[in-house]
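Each chain, written out:
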Amino acid sequence: MIDKKTIQNIAKLARLKISEVEADDYSQQLTQVMDYFERISKIDTSGVEPLVTPAEIEVHWREDVVEQEHTAEDMVANAPARAGNLFKVPPVV
Amino acid sequence: MDLVNSSLTDISNAVKDQKISAEEVASFFFKRMKDLNQSLNAVVFEDENFLSAARVIDSKISKGEELGPLAGVPFGIKDMLCVRNLPATAGSKILQGFVPPYDSTAVAKLKNAGAVILGKLNQDEFAMGSSNETSIQGAVQNPWNNKYVPGGSSGGSAAAQASRMMAATLGTDTGGSIRQPASFCGVVGVKPTYGRVSRYGVIAYASSLDQVGPMTSTVEDAALTLEVISGFDAKDSTSSQRAVPEWTRALSKDLKGIRVGLLKECMRSSLHKDVEKSVENSIDELKKMGAEIVEVSLPLIEYAVPVYYLIAACEASSNLARYDGVKYGYRSDFKNLSSVDLETFYSQTRGEGFGAEVKRRIMMGTHALSSGYYDSYYLKAGKVRRLFVNQYKDAFKQCDVILSPVTAAPAFKLGERIADPLQMYLNDIFTTSTNLAGLPGMSVPFSLSTDGLPIGIQITANHFDEQRMLNVAWALESVAPAKGKRPHVF
């Protein structure tokens, strides 16, 4: 059972503000879904290494040289709030 | 020229031979797209500059310049991929207003081959969904019957392609998001081998599962598009350095000596009778064409949905951490920024910017990765994932391709499953294992249900063996009972 208190803690870890109604819904839905997912515990995986990249990938080495494809202006143009080339954020210290 | 029924190569050749201009082709499809989209809602952003892109092609041709195989061919692009100077929102409010200053590699390759982009296509938010009902831009209708979903998450691509708003489209597939809507809308949809197509400029959902692929009217068009967008890209460290074969040139309907594996577990599960009949008919046709049918088994397939959803949710919770309201996209409306604490800044922005399904999956992933649960969920799922690959390797010792349904039933009705996440996830039983194993898989339209809805057949092949998958699909396409059938919008 994933109760509402646990849901609120998960939401805090995920930096998601959720309403009381959402917390109720997620508590019920995540309990149902995670209960269903529990079934993978029955599979014997002793001695098996986890797999992350599913197809063979060769390592690609490149020269460590500076390239500039975009201007700083391009990169900050999408910011919701900016001051020159800087992002505006709340006080962090 | 009958542009609605022409192949990509026919369009490109006609443009190169100046029988029709790229401008005329683009204008024809742009108008058609605008008209049809009023009801279907498949297109979310139109490229108003399509005419100048088409005129560049025409001017190169008049100067005698060499052009690629998609000269003047109009494309629609799923909103998951960045197209320079067009909005890219992934169907989410959190990316509201984001206009990428660069092209994804797949789109850059299309443009280099002469393609003209007409617009961005609707999708489930962050590609999380099987019905295209979770998009901030609203649900997409299935062109075959407007009460039904087009499938998802590439529902906009499937609906646009089925109604031929453009000549071809791109989608993305993390757990079936190309193949399932392709099946529901009666178009060809290919998910290539993991690493075949660069993911650079593709908005990340679950990086070890995501692949870009074509959604087209025919297998030949899909092979050509895939040839253009495939290949190594230094900007994606997981892209493969293997040479890209000329799939279109080597297409063959000769199935003698081809062993088609029939997935035992699929036929035992409860399939809709029309889907079951479709699979049986497709096997009969393949036999007639000389293929050998062998039964293969993937006993773990019953665990595909939980393993897939755990891995996808964990990767998503990490990938989507980047949306913080600082660099791009949506930021909650704070009156006085200097009095807001950072935690509130992030959580309020993210809480308002993400939709219900995306939040659900971020929560699932965060929970599965959190202290005390990591080993039994994420690590365990990764181990089972290796067992999946091993089972597929065994199966491909006995066969060249595997045939299965795409989904257990044809398209369902709008609103029918959106309130029950687990039922929605269980739709993906036959498609998710392909992504877990990184294999190429595709849906080819085969028949129509008694209700007149399309049913596709799924062909899966071994890593990097797209050729045999495309060959079997090409053969099936040529004998499909649905061949030449069109949705009501035509």
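Placed above this text is the structure.
Description of the structure in this document. Quantities reported herein were computed from a predicted structural model and do not represent experimental measurements. (Residues numbered from 1 in each chain as written. Chains lettered and ligands numbered in written order. Predicted model: local features only at pLDDT ≥ 70, side-chain atom pairs only at ≥ 80, totals over all residues.)

### Quick notes on the environment of D44 of chain A
Formally: Helix and strand assignments follow DSSP, with helices taken as H or I runs no shorter than four residues and strands as E runs no shorter than two, numbered in order from the N terminus.
Mapped onto the fold, D44 of chain A is located in the loop between α2 (20-37) and α3 (72-76). In this structure the C-alpha to C-alpha distance between D44 of chain A and R15 of chain A, which are 29 residues apart in sequence, comes to 35 Å.

### Regarding the interface of chain A and chain B
Put simply, the test is: In this description, any two residues whose backbone-derived C-beta atoms lie within 7 Å of each other are considered to be in contact. Three categories are distinguished: nonpolar for Ala, Val, Leu, Ile, Met, Phe, Trp, Tyr, Cys and Pro, charged for Asp, Glu, Lys and Arg, and polar for the others, with Gly belonging to the last.
In this complex, chain A contributes 45 residues to the contact, which on the side of chain B involves 60 residues. When residues of the side of chain A that touches chain B are traced back to their parent elements, those giving at least two are α1 (4-13) and α2 of chain A. The element that contributes the greatest number of residues to the side of chain A that touches chain B is α2 of chain A, accounting for seven residues. Residues belonging to the side of chain A that touches chain B are distributed by class as follows: 29 nonpolar, eight polar and eight charged.

### Brief notes about the environment of L30 of chain A
How we decide: Each residue is classed by its C-beta neighbour count within 10 Å, where at least 20 other C-beta atoms makes it buried, 12 or fewer makes it exposed, and intermediate counts make it partly exposed; the C-beta atoms are placed from backbone geometry.
One can find L30 of chain A in helix α2. Here L30 of chain A falls in the buried class, since 21 other C-beta atoms lie within 10 Å of it. Residues L30 of chain A and D3 of chain A, 27 residues apart in the sequence, show an inter-C-alpha distance of 9.4 Å. Once residues lying within four places of it in the same chain are set aside, the contact partners of L30 of chain A are I2 of chain A together with M363, M364 and H367 of chain B.

### As for the environment of V228 of chain B
Along the chain, V228 of chain B falls in helix α7 (residues 219-229). If we skip the residues at most four places from it in the chain, V228 of chain B touches P69, L70, K109, L110 and A113 of chain B.

### Let's talk about the sheet that holds strand β11 (residues 454-461) of chain B
All names here are of chain B. Keep this limit in mind: Pairs of strands are assigned from DSSP output, requiring at least two bridges between the strands. Helix axes are fitted to C-alpha atoms over the stretch in contact, other axes to C-alpha atoms as well, and angles between N-to-C directions run from 0 to 180 degrees.
Ordered in space as β1-β3-β2-β4-β6-β5-β10-β11-β9-β7-β8, the 11 strands form an open sheet in which the pairing is mixed. Unpaired on one side and paired on the other, β1 (43-46) and β8 (292-296) mark the two borders of the sheet. Averaged over all pairs of adjacent strands, the angle between strand axes in this sheet comes to 30 degrees, irrespective of strand direction. Sheet topology places strand β10 (residues 441-448) next to β11; seven bridges connect them, and they run antiparallel. Among the inter-strand pairings, P445 is bridged to a residue of β11, identified as G456. Across the sheet, helix α5 (residues 155-162) lies against β1, β2 (74-78), β3 (116-121), β4 (168-173) and β6 (211-216), angled at about 155 degrees from β4, the strand it touches most. Helix α17 (residues 466-479) rests against β7 (259-263), β9 (401-405), β10 and β11 of the sheet, and its axis sits at about 150 degrees to β11.

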